[in-house]
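Structural characterization, general
These are the residues of each chain, in order.
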Amino acid sequence: MTDPVILITGATSGFGRATADKFAQNGWKVIATGRRRERLEALQAEYGAERVHIIEMDVMDADQIMKGVAAIPDAFKPVKCLLNNSGLALGSKPWPDIRLEDWRTMVETNIMGVLHVAHAVLPLLKEAGKGASMINVGSIAGRFAYPGGNVYGASKAFTRQFSYELRCDLEGSDVRVTSLEPGMAKTEFTAVRTYGDYALNETFYDGAEPILPEDIAETVWWLTNRPDHININSIEIMPVCQTPAIPKILRK
Ligand code: NDP
Ligand code: 8X3
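To keep things clear, this report deals only with the structure shown in the data block. Every chain is numbered independently, its residues counted from 1 as its sequence is written. Starting at A for chains and at 1 for ligands, labels are handed out in the order in which the entities are written. Local features in a predicted model are, by the rule used here, given only for residues with pLDDT of at least 70; side-chain atom pairs are given and counted only at 80 or more, and totals for whole chains, interfaces and linings are based on all residues. Excluding hydrogens and water, the side-chain figures rest on all heavy atoms present in the structure.

**Brief notes about the packing of helix H1 (residues 14–24) against helix H8 (residues 213–224)**
At a minimum axis distance of 8 Å, the contact between H1 and H8 shows a crossing angle of 55 degrees. The orientation of H1 with respect to H8, classified from their angle, is oblique. The crossing of H1 and H8 is right-handed. Between H1, through Gly14, Phe15, Ala18, Thr19, Lys22 and Phe23, and H8, the contact on the second element is made entirely by Pro213, Glu214, Ile216, Ala217, Glu218, Val220, Trp221 and Thr224. Geometry is summarised by axes, namely lines fitted to C-alpha atoms with helices restricted to the contacting stretch, and by angles between N-to-C directions that run from 0 to 180 degrees. Helical segments are the DSSP runs of H or I of at least four residues, strand segments are the runs of E of at least two, and each set is numbered from the N terminus. Reported orientations rely on four angle classes, namely roughly parallel under 35 degrees, roughly antiparallel over 145, roughly perpendicular from 65 to 115, and oblique for the rest. In this scheme the crossing of two helices becomes right-handed for a clockwise turn of the near helix relative to the far one and left-handed for an anticlockwise turn of less than a right angle. In what follows, residue pairs with any heavy atoms lying within 4.5 Å of each other are defined as contacts.

**Quick look at the sheet that holds strand E4 (residues 81–84)**
Two strands pair if DSSP finds at least two bridges between them. The seven strands lie next to each other as E3-E2-E1-E4-E5-E6-E7, forming an open sheet whose pairing is parallel. In this open sheet, the two strands that pair with only one neighbour each are strand E3 (52–56) and strand E7 (234–237). With strand direction ignored, the average angle separating the axes of adjacent strands in the sheet is 15 degrees. Examined bridge by bridge, strand E5 (residues 133–137) and strand E6 (residues 176–182) share five bridges and lie parallel to one another.

**Thoughts on the site of ligand 1**
A cutoff of 4 Å decides nearness: a residue is near a molecule or strand if any of its heavy atoms lies inside that distance of it. Contacts to ligand 1 come from 30 residues, most closely from Thr12, Ser13, Arg35, Tyr152 and Thr187. Any pair of N or O atoms that falls within 3.5 Å is considered a polar contact. Within protein, one atom must be able to donate a hydrogen and the other to accept it, and sequence-neighbouring residues count only if both atoms are side-chain atoms. The separation between an oxygen atom of ligand 1 and a polar main-chain atom of Gly10 is 3.1 Å. Glu188 is positioned with one of its backbone polar atoms (N or O) 3.1 Å from an oxygen atom of ligand 1. In these tables, accessible area is a Shrake-Rupley quantity obtained with a 1.4 Å probe, and a residue counts as shielded only by the protein chains included in the view. Starting from 880 Å² of accessible surface for ligand 1 in isolation, the protein chains cover 96%. Taken together, the elements giving at least two residues each to the shell around ligand 1 come down to H1, helix H5 (150–169) and helix H6 (189–193). Gly is placed with the polar residues, together with every amino acid not listed as nonpolar (Ala, Val, Leu, Ile, Met, Phe, Trp, Tyr, Cys and Pro) or charged (Asp, Glu, Lys and Arg). Residues that form the shell around ligand 1 fall into these classes: 12 nonpolar, 13 polar and five charged.

**Examining the site of ligand 2**
Ser139, Ile140, Ala141, Tyr146, Tyr152, Phe189 and Gln242 make up every residue found near ligand 2. A distance of 2.6 Å separates an oxygen atom of ligand 2 from a polar atom in the side chain of Ser139. At 2.7 Å from an oxygen atom of ligand 2 is found a side-chain nitrogen or oxygen belonging to Tyr146. In the shell around ligand 2, the residues fall into five nonpolar, two polar and no charged.

**Remarks on the nonpolar core**
The nonpolar side chains of soluble globular proteins are, as a tendency, buried together. Judged by nonpolar contacts, the single largest core of 27 residues is most densely connected at Ile31, Ile72, Val79, Val121 and Leu125. Breaking this core down by element, the ones donating at least two residues are strand E1 (5–9), helix H3 (62–70), helix H4 (100–128) and H5. Broken down by element, this core gets its largest block of residues, eight residues, from H4. Setting aside residues no more than four positions away along its own chain, Ile72 makes contact with Leu7, Ile31, His53, Ile55, Lys77 and Leu124. In this text, buried Ala, Val, Leu, Ile, Met, Phe, Trp, Tyr and Cys residues form a nonpolar core when linked through side-chain atoms within 4.5 Å. Remark: exposure states derive from per-residue accessible area (1.4 Å probe, protein chains only) relative to the maximum for the residue type, with buried under 20%, exposed over 50%, and partly exposed in between. Phe15, Ala24, Trp28 and Ala185 belong to the second-largest nonpolar core, a separate cluster that totals 26 residues.

**As for the pairing of E5**
The buried fraction of E5 is high, at five of five residues. Covered by surrounding structure in E5 are Ser133, Ile135 and Val137 together with Met134 and Asn136, the residues of both alternating faces. Note that E4 and E5 share four bridges and pair parallel. Note on E5: the bridge partner recorded for Leu83 is Ile135. Regarding topology, H4 serves as the crossover connection from E4 to the parallel E5, and that connection is right-handed. Convention used here: a crossover is right-handed provided that the path from the first strand, over the helix, to the second strand proceeds clockwise when the strands point away from the viewer.

**Focus: H5**
Multiplying 1.5 Å by the helix residue count minus one yields the expected span of that helix. When the terminal C-alpha atoms of H5 are compared, their 29 Å separation across 20 residues agrees well with the 28 Å that a helix rising 1.5 Å per residue should span. For H5, the set of buried residues is Val151, Tyr152, Gly153, Ser155, Lys156, Thr159, Arg160, Phe162, Ser163 and Leu166. If you follow the buried residues of H5, they end up packed against H4, E5, E6 and H6.

**Points about the pairing of strand E2 (residues 29–34)**
Among the six residues of E2, six are classified as buried, and the element is accordingly described as predominantly covered. Of the two faces of E2, the one carrying Lys29, Ile31 and Thr33 and the one carrying Val30, Ala32 and Gly34 are both buried. Summarising the sheet, E1 and E2 pair through five bridges and their orientation is parallel. Bridge assignment links Ile6 to a residue of E2, and that residue is Val30.

**Here's the deal with the side chain of Thr190**
Turning to its location among the elements, Thr190 is positioned in helix H6. Owing to a relative accessible area of 6%, Thr190 belongs among the buried residues under this scheme. When neighbours within four sequence positions are excluded, Thr190 is seen to be in contact with Leu200, Asn201, Phe204 and Tyr205.

What follows is the structure in structure tokens.
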């Protein structure tokens, strides 16, 4: 039997990188994608080209994705799992202190990017048949609104609904679909959200015990290894230090 294959978007950092490590270390082949080629090459160098195939691609660019997916070598097919993970928040201030350009980038990455990749990879998942799964990374921000969450939260609500809708379209195909919705996690997420403030990314989580990338990699592993006839529709994860806040009331 050949080793199963997982395709991970955003394998250059955070959840994606930790999941690449988890699967590469446990008998899976990994197709690692992202924009930062040097990080993809470092990952491939660590595990070897037989275990890790890399695709440099921007999820906003549908043509680039189609070409990258069409060039996947036979040894990395079919794809048994897609971790549709690339995403970002830009800015954390409430409207009107926002940049329209940031809203556009979040929509194009978190919504169109997820769609581009789903569309390109679905035929390979269908080929894998029983046990195949697509895991779309949403967020608790798609369920719980907060000031400054605006388009980021809205884009993650899209991910959940799209996952549910896709399950209906895939009826009878054996392909499973999950909306994976983490809460606060220490990755490079805050550095990106603050336009490159890596120092803040280090102090932002002080005094809290956030989710770590390895926790999400473990969850992806668990999801992928459920019995073939089980579909986990959605999974919401918070660190114990984070709670779902009650809706705010403004009193006069
Ligand atoms: P990181 O910033 O550490 O990783 C984000 C990944 O997304 C990088 O590998 C990056 O790769 C990739 N990416 C971003 N934009 C693009 C693009 N246009 N094309 C291709 N790849 C892209 O953050 P996380 O690991 O935390 O984020 C992963 C996912 O988890 C995101 O969807 C995020 O919204 C979600 N999430 C994060 C939470 C958190 O608190 N950290 C909580 C809940 C959900 P590269 O730059 O090389 O292209
Ligand atoms: C990121 C989680 O709570 O920072 O998706 O918006 S949160």
